[in-house]
Each structure stands twice: as structure tokens, then as C-alpha cells.
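# Overview (structure and organization)
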Amino acid sequence: MATAHPVLYPLGPMLRRRIPAAATAALLSLPCAALHGRAQGPAEPQERPSQQPLFGLGRGLELTLDGALELALQNDLGLKVEDLSSEAALYASKGSWGAFDWRLSTTAGVTDNQFKSNSIFSGSMTNTQSLAVDLARPVSTGGTFRAHFDTANTKTDNTFSALSTSTTDVVSLSYVQPLLRGAWRQYATAQQTLSDMAWRQQLEHGRQVRHKLLLDVSTAYWDLVAARADLEVAESSLQLARAQLDQDRRRLDAGVGTPIDVVAAETTVATREEKLLAADVLVRARADALRRLIFPGADPASWETALIPSTQLPEEASASAAPAWNGALETALEHRPELRQQKLRIEAQKLAHAERSSEKRPGLDLALTAIGKGFSGDAASAFDEAGRYDFPTYEATLTFSYPLGNRTASGAERSAWASLRAAILSYDEIETSVAAEVRESLRQLVYQAEAVRAARKSLDLARRQLEAEEKRHQEGISTNFQVLSFQQDLAQALTSERNARAGYAKALAALASAQGLIGEGLHR
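Source: prediction; values computed, not measured. (Residues numbered from 1 in each chain as written. Predicted model: local features only at pLDDT ≥ 70, side-chain atom pairs only at ≥ 80, totals over all residues. Heavy atoms only, no water.)

## Here we look at unusual backbone geometry
Here Tyr 389, not a glycine, exhibits a phi torsion of approximately 55°, which is positive. Relative to the helices and strands, Tyr 389 resides in the loop between α10 (379-387) and β9 (392-401). Within the chain, Asn 406 stands out as a residue other than glycine whose phi angle is a positive 55°. Residue class for Asn 406 comes out buried when judged on its relative accessible area of 10%. (Helix = DSSP H or I, 4+ residues; strand = E, 2+ residues; numbered from the N terminus. Buried < 20%, exposed > 50% of the residue type's maximum accessible area, 1.4 Å probe, protein only.)

## A look at the side chain of Arg 291
Note that Arg 291 resides in helix α6 (residues 259-294). The class of Arg 291 is buried, set by a relative accessible area of 9%. Residue contacts for Arg 291: discarding those within four places in its chain leaves Arg 284, Pro 296, Ser 302, Trp 303, Thr 305, Ala 306 and Leu 307. (Contact = heavy atoms within 4.5 Å.)

## A word on the sheet that holds strand β8 (residues 363-376)
Pairing in this open sheet of 6 strands is antiparallel, and the strands run β3-β4-β5-β6-β8-β9 from one edge to the other. Bordering the open sheet on either side are β3 (103-114) and β9, each of which pairs with just one other strand. Sheet twist, expressed as the average angle between the axes of neighbouring strands with direction ignored, equals 15°. (Pairing = 2+ DSSP bridges. Axes fitted to C-alpha atoms, helices over the stretch in contact; angles between N-to-C directions.)

## As for the confidence of the model for the protein
For the protein, per-residue confidence averages 83 on the pLDDT scale, and 87% of positions sit at 70 or higher. Contacts from residues 1-57, a stretch scored under 50 in pLDDT, to residues over four places away or in other chains number 108 contacts. (pLDDT = per-residue confidence, 0-100.)

## Let's talk about the packing of helix α5 (residues 190-253) against α6
Where α5 meets α6, the closest approach of the two axes is 8 Å, and the angle between their N-to-C directions is 160°. When the axes of α5 and α6 are compared, the pair comes out roughly antiparallel. Note on packing geometry: the crossing formed by α5 with α6 is left-handed. For the contact of α5 with α6, the residue count by class is 24 nonpolar, 2 polar and 15 charged. (Parallel < 35°, antiparallel > 145°, perpendicular 65-115°, else oblique. Left-handed = near helix turned anticlockwise from the far one by under 90°. Nonpolar A, V, L, I, M, F, W, Y, C, P; charged D, E, K, R; others polar.)

What follows is the structure, encoded as C-alpha cells:
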């Protein structure tokens, strides 16, 4: 998705005048807003002391919706935390496979034994220098492969010994494979599979946080657009009221008006100034809400940067933009990160239940061993004999074990089954919530489309009513109060129409979020 680069430029009187001027032009372009014949046209927006910014002029940032979304993705601290959590989970998953690395262990020792001989042949001393090396590796079938070598160099004065100085070497290869309890790949790699699932769950949780951020930014952006539109309407309404007040004063000075008309116009001006102040405060609040999402931190310059949204409210609002209910639900069930996370939890619980079921079985282990021995007065000859298996020993054993009662394993298996059932029910609960959210988002989209249509109809009627009332006032068959009242109705209708269009834009974002598709085309 293409993103426009935000533009920074200083804010000055031009910007402060730009808003009411544009707003006045929008409202005065209506046939009913000409007010010709009663005043010299609408006055240019006047600077008011209250127009000075509350937090300094700062700088202005012209920002599209896509630009706001990109800034949020780049700057949000919550997403950075999720990225680090995903990285930690990834390395934990990779590191878990270290359980199948080779392990080397070595033992060396010297034993010097002096003893009192009980015969003339037994001798009185032995000295043994030993070294043992083990190389072991668990394999993914649950078994363990082991290579062992040990050597012992012995000196003795025993006359019955074949050699006074001898070396005994032993080389053995063994493999032990469980056949029942703890057997085969699913059990042996369970922790690695769980670590991988934890990483994938973290990725989906990151997507969930990302989707919420993008929905919040979209909502805040359109809220700011709507608030600025309300401010423009309030500015225009105030300018019309001031133009009416100026005309009524002229009429009073000419002797054709009444003081009550002037008082009514002054009251209207005061009321609309109050509404303008409220609209201005709302714009500032909406801007701060958006700044919080795209400029996290406490940098004063960022908080004082004026945000100028440049993406316009949607002109067309059609209920046909809503997808079919079944299709929208199917998309949500496939893409919603909450459901993906819960599916992974179910898989993890299934694996945990399989582990507990395996541990409930009797133990039956098969051990295969091949041993080669060498004995010689020469250390090299002893090693060659052992390595060539000149004098081999082969062993095959079965070891059976069964804990009587087996209450620990039985309880763990039942606990795992209950946790699995709970995970499945939780998925059904989340699925129900997702279905309800999709239906609500579709309903709101249709409603907002109809609200735009109704608001535009009301706006058109308000224009026509004010135009007719102004003609009646020119002919002397309507009062000033009625004209001001219809002006207010027009301003309210214009506000409602823009708010309805903003509501439609937010409904589109909410539907994309409900389906798990919001911001999928944006990249960080």
C-alpha cells in the first residue's frame, strides 16, 4: 500500500485563518448562505484572542491515514515489546533442540594401594592410572546412543598377575530405546514442539496487538477529521451569525429594525462562540489521542506538533460494500489472531495429554551393547585389540518396570485431559465472540451507510429550508429569530452529515479488524 510522506511546515496566522476561511466557503457556497441584500457579504474570519494555541505554535504535520498507520507501526512501544518477546521465543525454540546435542564427559584418576600381603604370592602394592571418556547423544525416537572408552594402566608386584605392568582398554557402543513409556518421536520431541508452538503463539499475539493498534489509529484519525469538520462548521456558523448581527444593527440604525432582533442576534453569536470554543477543545483532545498513538514518549516538540489530516472523508457510502455474512465469518475464522492462538493452545494441550498418557504406560526398554576389550603390556596394542573387537561381547536386554498403583501418572493424565477440554471450550467461546463481532461490524457498516444517506437528505432539506426562510425574511413575512434558527439547523445538519461519513469510515476499519485483515498490506 503506497504511503505519502508526511510534510512538516511551520504553523502561523495563515493556518489559523485557513480553517475558518475554508469552512465559511463551504457553508456560504450553499444557496441559502448568501445573505445578499442584508449585509455586504459574509465578513472575513476575525482573529480572536482565544484563537492563540494553548500549547504554542509548534510545527504542522500534514498526514494521510496511511502515513499515520505507518508512523504508529514504526514508533509504537507495545509493538517493539512484542517484537522482542517474539525474538526471545524464537531463540528459546531453537535452543530447545540442544537437548539432542552430543554430550562429552571425561573421568581421570590415580589409585595407589599399599597393603599387607597375606601370602608370598599376593604382593603388597598396586598402582592404577585410569581414564574414561563417554560420548552420548539422545535421539528423536526417545532412545540414547552412547560411545564409551576407558583405559587402566596397572602396576603390581603380585606374582600371580600375568604382567607386572599392563594396560586394559574397553571400547563399547550401546543404544537404549524405550518401547512403551516415553517412546518414539512425539514424546521425545514434545518440549521442542511446545517451544515452537509458544513462538508461533507469540507471533499471533503480536499480530493481535498490531491489529488493535491499527484500529485505534484509524478510529483516532477519523475522530480528528470529524472534530476538525465540526470546528469548520462552528466557524462558519459563527461567521453567519456575526454577518446577521451586523445586518440587524444596520437595520436598527436605519430605523427599519428592532432592538429585539439585535439582542437575538447577539445571543446567537455568543452561543455559537461557546460552541466554537467547545469544538476547538475537542479538536485538541482528538489530536492528542492520535499523537499518543503515533508519537509515544514525552517529547514536548512531538506533543506540540499540529496534526493536519489530509485524507478526506469518504464521499460514497454504500451498504453494498458489506460482504456476505458467511464469507465475512469464514475470513474471520481463518485470519483472526485470537483463534489462531487458541488453536495452538489446543495443539499444545493435545501434546501434553499424549505425554501424560505415555508416562502412564509400563516401562519396557531395549538395550543393545557391543563391547571390545584389549589387554597388553603395551598401551597401543591394548587399544588396537579393543578397537578391532578382537575379543567382543554382545548384549541385548529388555528391562520391564511398572509402578504399582500408578496414581501420579493417572492423575496427571486426567488433569491433562481436563485442560484439553477446557482449551477446546475456550476456542468455542472465542469463536462465538468473533462471530458476534463480525455480525455487529457488518450491521454497523450497513447502518452507517444508511446514516450517511439520511444525513445528506437532511442536509439538503436544511439548505432548502434556510433558503426559503431567507426569502420570506426579505419579503418581511419572517422574523430574524426564525432565520437564525434555520441557520443553526443547517449547521447541525452539516455536522451530522460529516460525522456520519466519519462513522462510515470507522465502520470500514472495524469490519477489517473483525475479519483479521486490518493493515495486512502495511509493512514495518
